[in-house]
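# Close look at the chain arrangement
Listed here are the chains, written in short residue letters.
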Amino acid sequence: MSNPLLPNVTFTFLSDPGHSWLIVAPQWIETVGLNLGSFSPFSYVGDDGTLTLEEDSDAPVFLKAYEGNFGKTCKINDVFEPRAQVRDWQTLQQAAA
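Just so you know, these numbers come straight off a predicted model, no measurement behind them. (Residues numbered from 1 in each chain as written. Predicted model: local features only at pLDDT ≥ 70, side-chain atom pairs only at ≥ 80, totals over all residues. Heavy atoms only, no water.)

## A closer look at the pattern of salt bridges
When the charged atoms of two side chains with opposite charge come close together, those side chains can pair. Put simply, the test is: Here, a salt bridge means any side-chain nitrogen of Lys or Arg that lies within 4 Å of a carboxyl oxygen of Asp or Glu. Secondary structure elements are taken from DSSP: a helix is a run of H or I of four residues or more, a strand is a run of E of two residues or more, and numbering for both begins at the N terminus.
Counting across every chain of the model gives two salt bridges. Where Arg87 meets Asp16, a salt bridge forms, and the shortest distance between an N and an O atom there is 2.6 Å. Of this pair, Arg87 sits in the loop between strand E5 (75–80) and strand E6 (90–91) while Asp16 sits in the loop between strand E1 (10–15) and strand E2 (20–24), placing them 71 residues apart in sequence. The partner of Asp88 in a salt bridge is Arg83, with the nearest N and O atoms 3.1 Å apart.

What follows is the structure, given as structure tokens:
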């Protein structure tokens, strides 16, 4: 189902030399019909609830749900850091405990 009123959204794909994550504000998870249980324990959550969805399994789940809900892909902004600070955030598994 396509939503023509949806603004053009850009998400950030953050990479460091070891891994990559899609950064998603918490409201987007519910907006696309997912919940925290939709993701593996290998993603991270910030103090403000911002999620960093790991590249191999969690980011594709979100991106597929986004496209399925809105009928189009979102824009991706690629950012590289020498050491991603999200590695210091809680994992979803830690946050759920």
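Further notes follow.
## Points about the packing of aromatic side chains
Test applied: Pairing of aromatic side chains requires ring centres within 6.5 Å, counting the rings of Phe and Tyr and the six-membered ring of Trp. Pairs whose planes differ by under 30 degrees are stacked, by over 60 edge-to-face, and all others tilted. Using a 1.4 Å probe on the protein chains alone, a residue whose accessible area is under 20% of its type maximum counts as buried, one over 50% counts as exposed, and one in between counts as partly exposed.
Tallied over the entire structure, the rule returns eight aromatic pairs. Ring centres of Trp28 and Tyr66 lie 5.8 Å apart, and the angle between their planes is 50°; this geometry places the pair in the tilted category. Of this pair, Trp28 sits in helix H1 (residues 26–31) while Tyr66 sits in helix H2 (residues 58–70), and the two are 38 residues apart along the sequence. Given a relative accessible area of 16%, Trp28 falls into the buried group. Considering the side-chain rings of Phe62 and Tyr66, the 6.4 Å spacing of their centres and the 45° angle between planes classify their relative orientation as tilted. Taken together, the positions of Phe62 and Tyr66, both in helix H2 and four residues apart, correspond to about one turn of that helix. Each member of the pair, Phe62 as well as Tyr66, is classed as buried. Grouped by ring-pair contacts, the aromatic residues Phe11, Trp28, Phe62, Tyr66 and Phe70 constitute a single cluster.

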